[in-house]
Amino acid sequence: MDKLVINGGNPLSGCIEINGAKNAAVAIVPAAIMASKGTCTIDNIPDIEDVHCLERILESLGCNIIIGKNSVVIDSTSINNVNANTEDVRKMRASYYLIGALLGRFKKASVELPGGCPIGVRPIDQHIKGFEALGARVEIKHGCVTVEADRLIGTNIFFDVVTVGATINVMLAATLAEGVTTLENVAKEPHVVDVANFLNSMGANIKGAGTDIIRVVGVKELKGCSYSVIPDQIEAGTYMIAAAACGGEVTIENVIPKHLESISAKLIEIGAEVTENGDSITVKATGRLKGVNIKTQPYPGFPTDVQQPMSTLLTVAKGRSIINESIWESRLKHVDELKKMGANVKVEGRTAIIDGVDKLSGAVVKATDLRAGAAMVIAGLIAEGSTEVLSIEHIDRGYPNIEDKFKALGADIRRVSCSE
Ligand code: EPU
């Protein structure tokens, strides 16, 4: 097992490039199994453990896969297995997209219940509600979700909560249903739109992704296509926050600035300068930033997935900041780690009250989940002295080459084996 060792205090400067979006890629790769003809060539795939996990799962289902540098070619014409029950399936969240994809194409599937970050209860009732509305029988037994339908028939589905996972999963199944499916109160995240665009490139007929209502006209079959995944909004947001927290000037390339508006707006409110220039964004910060209040919300609101990195920045901002985490009930576990570094934070339920301190001090801390890991890396970068971030397998699930990217910006950070 590895850890990251960081000597804090360096300002960040220079350029880095953002990779393809994790949360789009982890839906697009399983969606590729819906092609009954041809192959899917997918570019701008991030080199992260969650994607590698899915590639192994697809191979276990009988797909032929060629993995390139930031690309994958998937031939799913020879799938011979609709039971996804390997350790990889249990380990990650997005394996639940196999349910919608297999149900759509084969009208049946059996998929182990998904794992993922320990950030609170992660129900799948809205996924099940959608599959049942389309005509599937759904059963959960021995830790496995089994779905089966004689036919899938389009219908109207109104989600009780705005959920990225259920929106995508039910959209996958509806793509190959008979007739029209209308999904209401859906998630509008950029990755929802990206998955819809990918399915349309395969021959689906989906309109409205990115709005509150998605209309899917079922088609008989999908075929292979070439597609490029959108840049990662959350990876970009993380580096923007790191740039502001460390001070200096960083240009983040290969981004869609529109997807970053809520993060840019907060950084400007905090006192940083943010400049958009085509497909890049520059963050500049000098002097001490000031505290703000944040409430996480579905897109286009402030994303829960950068709440933890932002909370690190706020530990050294001037004055009091209040963070309200409205999406996940346990996404403040990293606060105990920040406290080891001298942060002054009080957690009450889903709220963190942060009183800014002058500086953090290096310590041995752990990544309690993926984005908490990024938060601890940023804490190490701004702290005085040396920080060791343990349990970085969480970080490797979602951030490609994090230490190389920070090193390129002037940070003193290195990956070492825990046995060293
Ligand atoms: N919810 C339900 N019922 C459901 C599904 C969700 O009540 O059937 C609730 C959840 O409990 C939560 C809210 O709805 O309170 C939103 O959950 P959502 O379904 O949107 O989350 P998800 O699809 O499981 C994805 C991302 C998360 C990200 C959330 C919110 C993937 C693989 N994961 O999770 O990303 O936090 O959307 O944007 O796409 C991360 O990347 O670090 C991460 C955790």
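In the block above lies the structure referred to throughout.
Cut-off values and rules
Residues numbered from 1 in each chain as written. Predicted model: local features only at pLDDT ≥ 70, side-chain atom pairs only at ≥ 80, totals over all residues. Heavy atoms only, no water. Salt bridge = Lys/Arg side-chain N within 4 Å of Asp/Glu carboxyl O. Helix = DSSP H or I, 4+ residues; strand = E, 2+ residues; numbered from the N terminus. Buried < 20%, exposed > 50% of the residue type's maximum accessible area, 1.4 Å probe, protein only. Near = heavy atom within 4 Å. Polar contact = N/O pair within 3.5 Å; in protein donor to acceptor, adjacent residues only side chain to side chain. Areas by Shrake-Rupley, 256 points an atom, 1.4 Å probe, with all protein chains shown as cover. 1 Å grid on protein atoms, 1.4 Å probe; cavity = no way out; pocket = protein on both sides within 12 Å on 5 of 7 lines; lining within 4 Å. Sits in = over half its atoms within 2 Å of the grid points. Nonpolar A, V, L, I, M, F, W, Y, C, P; charged D, E, K, R; others polar.

The next subject is the pattern of salt bridges. Going through the model one piece at a time under the given rule, you end up with 26 salt bridges. The partner of Arg397 in a salt bridge is Asp50, and the shortest N-O contact between them spans 2.9 Å. Here the residue Arg397 occupies a position in the loop between helix H13 (393-396) and helix H14 (402-408), and Asp50 occupies one in helix H2 (residues 49-60), the gap between them amounting to 347 residues. Owing to a relative accessible area of 5%, Asp50 belongs among the buried residues under this scheme. Of the charged contacts in the structure, one is a salt bridge between Arg288 and Asp358, with a shortest N-O distance of 3.5 Å. Within this pair, whereas Arg288 is found in the loop between strand E19 (280-285) and strand E20 (293-295), its partner Asp358 is found in the loop between strand E23 (351-355) and strand E24 (364-366), the two being separated by 70 residues in sequence.

In this section: the site of the ligand. Taken together, the neighbourhood of the ligand is formed by 25 residues, with Tyr96, Gln126, Val164, Asp305 and Ile327 sitting nearest. Between an oxygen atom of the ligand and a side-chain N or O atom of Arg371, the distance comes to 2.8 Å. Starting from 820 Å² of accessible surface for the ligand in isolation, the protein chains cover 89%. Put simply, the ligand lies in the largest pocket. Within the residue set of the shell around the ligand, elements represented by two or more residues are helix H1 (22-31), helix H5 (125-133), helix H6 (164-175) and helix H12 (370-382). By residue class, the composition of the shell around the ligand is twelve nonpolar, six polar and seven charged.

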